[in-house]
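Tertiary structure, described
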Amino acid sequence: MLEGQASEIEVSGSAVDVSRRAFVATTAVAAAAVAAVVGVASPAGAADKAPGTLKVGAGKAAFTPAASVLPLDTFTSVHDDLYVRVLLVESGSRSFALAVLDLTSISAEAIALMRTAITAATGIASADIMVTVTHCFSAPHVADSTSSAGAAAYVQGIADATRTAVAAAVKNLQDAQVGYGSGSADVNVNRNVLTADGYWLGVNEQGESDDAVYVARFNDLDGNPIAVLTNYNVQSCVMQDSKMADGNLPITADLAGAAMAHVEAQYSGAIGFWLVGACGDQFPAYRSKRYTIDKDKGWTYGVDLQDAGFALLTAQGERLGNEIVRVAQAITRYESGKNVSVRLLTDSVTTTQMTTDRPTGPVESATYTPTTSVDIPLWVFQVGKGVFAGVEPELSTSTATAMRKASHFPSTFVMSMFEGGAKNMPDRWNYDHYTYEARDGFYVEGTAEKVAARIERLVKSLG
């Protein structure tokens, strides 16, 4: 897609936009298909003129690796299940799908299998299927299925679970209403800490952090919840690297999973969706294995609570879950029927990738070396009075805040880790201070600000 060219197809009443991102751009066939339809309203799009009511369906299924597959990516046991959750949104004769997985990131191979499964069950075009992750650091990374038998079983498990989850979503697809609300939960904290040798990781109570909790609630027409979507700025890493007393490294859906489990326990039959916000500079306030800093600004990493760390996970998950439920219960204004605008816009920003040293500790200077040109895909998804802006890289808090402030929508969700996720996209402050986020980033300085400006334009185009 050319820089600055957003794809859109209009549907009367509720305008619906067709994604044009080359989601499987690794193949020449996919690239050619995308190039053929960019900016062109297809006959199928013209057929979508019939107005229709808002319909929503949701489902989930576990894809936790079996014991026979372990150890996998250093994980040796299972504490709780990993889930894929699928949301279907329909208006008129067009539908959209959003899939969220309890993972750090996900491979293009697995995403392609998921899209195939969702399309087979729903008829939704692959370009209208969004895939994201919770950015959970207590789950195995998804390797290429050819790398090992364990990796192959893991990828197949994700595909199988997706089929189960989307079948459940199709089964309960129904007329729906949507409402929005927000609150706050003091669970996240800035992780950029000044040490004697430069900025590193830890807990910075004075650093920039946004503890707002954004909630979208989809009900059936009797007011019973179908799905509850939450947007919050934090990495799900309470249990990252924490080994138990018996030496096991357990798989867990971590903070996002604990919060969604709490929501789902409160609303029987409803599905909770975690949409990770700015996670590039935000830790949970309390972690099982943590960084510490002394009076002389010396740092260490390795204090590990082991099994007791799960108490921190439970407490913080419950705290977030309680606030999500409180906000969901307080929503009183809902939209339904034919007047709910549903749109999906996609675009991309062309920038330059960069390399630097692999961060293993703080430094007082670093060299950022530009390499190759790359496109960063963007998504803007509207349902009624709420808008959802998603990007592939990890965002800084300041970038997410700028996107939200520029939006004219009453409720604006800003999300990292779409399309499987990418490394950090730091703001200028992080580059100037050589933080972990900057040195672990993929993109040259100024990219975050460029992306925020493009998201602002896309949101404004929705009217």
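Residues numbered from 1 in each chain as written. Predicted model: local features only at pLDDT ≥ 70, side-chain atom pairs only at ≥ 80, totals over all residues. Heavy atoms only, no water.

1. A word on the overall build of the chain
Along the chain, the regular secondary structure elements total 10 helices and 22 strands. Looking at the chain residue by residue over its 463 residues, the buried ones come to 56%. Considering only residue pairs separated by 6 or more positions, the chain has 75% of its internal contacts joining residues 24 or more positions apart. Split by element, the accessible area of the chain, about 17,400 Å² in all, is 52% carbon and sulfur. (Helix = DSSP H or I, 4+ residues; strand = E, 2+ residues; numbered from the N terminus. Buried < 20%, exposed > 50% of the residue type's maximum accessible area, 1.4 Å probe, protein only. Contact = heavy atoms within 4.5 Å. Areas by Shrake-Rupley, 256 points an atom, 1.4 Å probe, with all protein chains shown as cover.)

2. Some points on empty space enclosed by the protein
For the structure on display, the rule yields 2 cavities of 30 Å³ or more. Estimates place the volume of the largest cavity at around 70 Å³. Residue lining of the largest cavity: 13 residues in total, with L98, F381, F388, M415 and F418 positioned closest to the centre. Elements supplying a minimum of two residues to the lining of the largest cavity: β18 (369–383) and β19 (386–391). Among the elements that make up the lining of the largest cavity, the one with the highest residue count is β18 (3 residues). When grouped by side-chain class, the residues that make up the lining of the largest cavity number 12 nonpolar, 1 polar and no charged. Of the volumes computed, that of the second largest cavity is approximately 50 Å³. If you trace the second largest cavity, you find it lined by Y83, R85, V100, L101, D102, T134, A256, G257, M260, G272, F273 and W274. For the lining of the second largest cavity, the secondary-structure elements that each account for two or more residues are β3 (83–91), β4 (94–101), α5 (254–266) and β12 (271–276). (1 Å grid on protein atoms, 1.4 Å probe; cavity = no way out; pocket = protein on both sides within 12 Å on 5 of 7 lines; lining within 4 Å. Points joined across faces, edges and corners; volume = space filled by probe spheres on them. Nonpolar A, V, L, I, M, F, W, Y, C, P; charged D, E, K, R; others polar.)

3. Observations regarding the layout of surface pockets
Quantified by volume, the largest pocket comes out at close to 610 Å³. Around the largest pocket, the lining is made up of 28 residues, and of these F137, Q240, K423, Y436 and D440 lie nearest the centre. When grouped by side-chain class, the residues that make up the lining of the largest pocket number 12 nonpolar, 9 polar and 7 charged.

4. Focus on helix α3 (residues 108–122)
For α3, spanning 15 residues, the distance from its first C-alpha to its last is 21 Å, which sits close to the expected 21 Å at 1.5 Å a residue. Among the residues making up α3, those that are buried are A110, I111, M114, R115, A117 and I118. Projected down its long axis, α3 carries its buried residues within an arc of 165 degrees, all on one side. Turned more than 90 degrees off the buried face of α3, the exposed positions are T116 and A120. Residues of α3 that are buried in the fold lie against β3, β4, β5 (129–133) and α4 (149–171). (Expected span 1.5 Å × (residues − 1). Arc of directions from axis to C-beta.)

5. Considering the packing of aromatic side chains
Taken as a whole, this structure holds 18 aromatic pairs when the rule is applied. On the basis of an interplanar angle of 45 degrees and a centroid distance of 6.4 Å, the ring pair of Y291 and W299 is categorised as tilted. The exposure class of Y291 is buried, given its relative accessible area of 18%. Aromatic side chains F381 and F388 sit 6.0 Å apart centroid to centroid with 45 degrees between the ring planes, which places their arrangement in the tilted category. Overall, the relative accessible area of 7% leaves F381 in the buried class. Overall, F388 belongs to the buried group, its relative accessible area being 5%. The ring of Y83 is capped by K60, whose NZ or CZ atom sits 4.2 Å from the centre of that ring. Over the face of the ring belonging to F283 we find R287, whose NZ or CZ atom lies 4.1 Å from the ring centre. (Phe/Tyr/Trp six-rings, centres within 6.5 Å; stacked < 30°, edge-to-face > 60°. Lys NZ or Arg CZ within 6 Å of the ring centre and 35° of its normal.)

6. Comments concerning the pairing of strand β7 (residues 188–195)
Of all the 8 residues making up β7, 7 are buried; the element is thus mostly covered by neighbouring parts of the structure. In terms of strand pairing, β7 meets strand β13 (residues 282–284) through 3 bridges, oriented antiparallel. The residue of β13 that forms the bridge with N190 is Q282. Across 5 bridges, the pairing between β7 and strand β8 (residues 198–204) is antiparallel. Residue pairing across strands places L194 opposite Y199, the latter belonging to β8. From the end of β7 to the start of β8, which pair antiparallel, there are 2 residues. (Pairing = 2+ DSSP bridges.)

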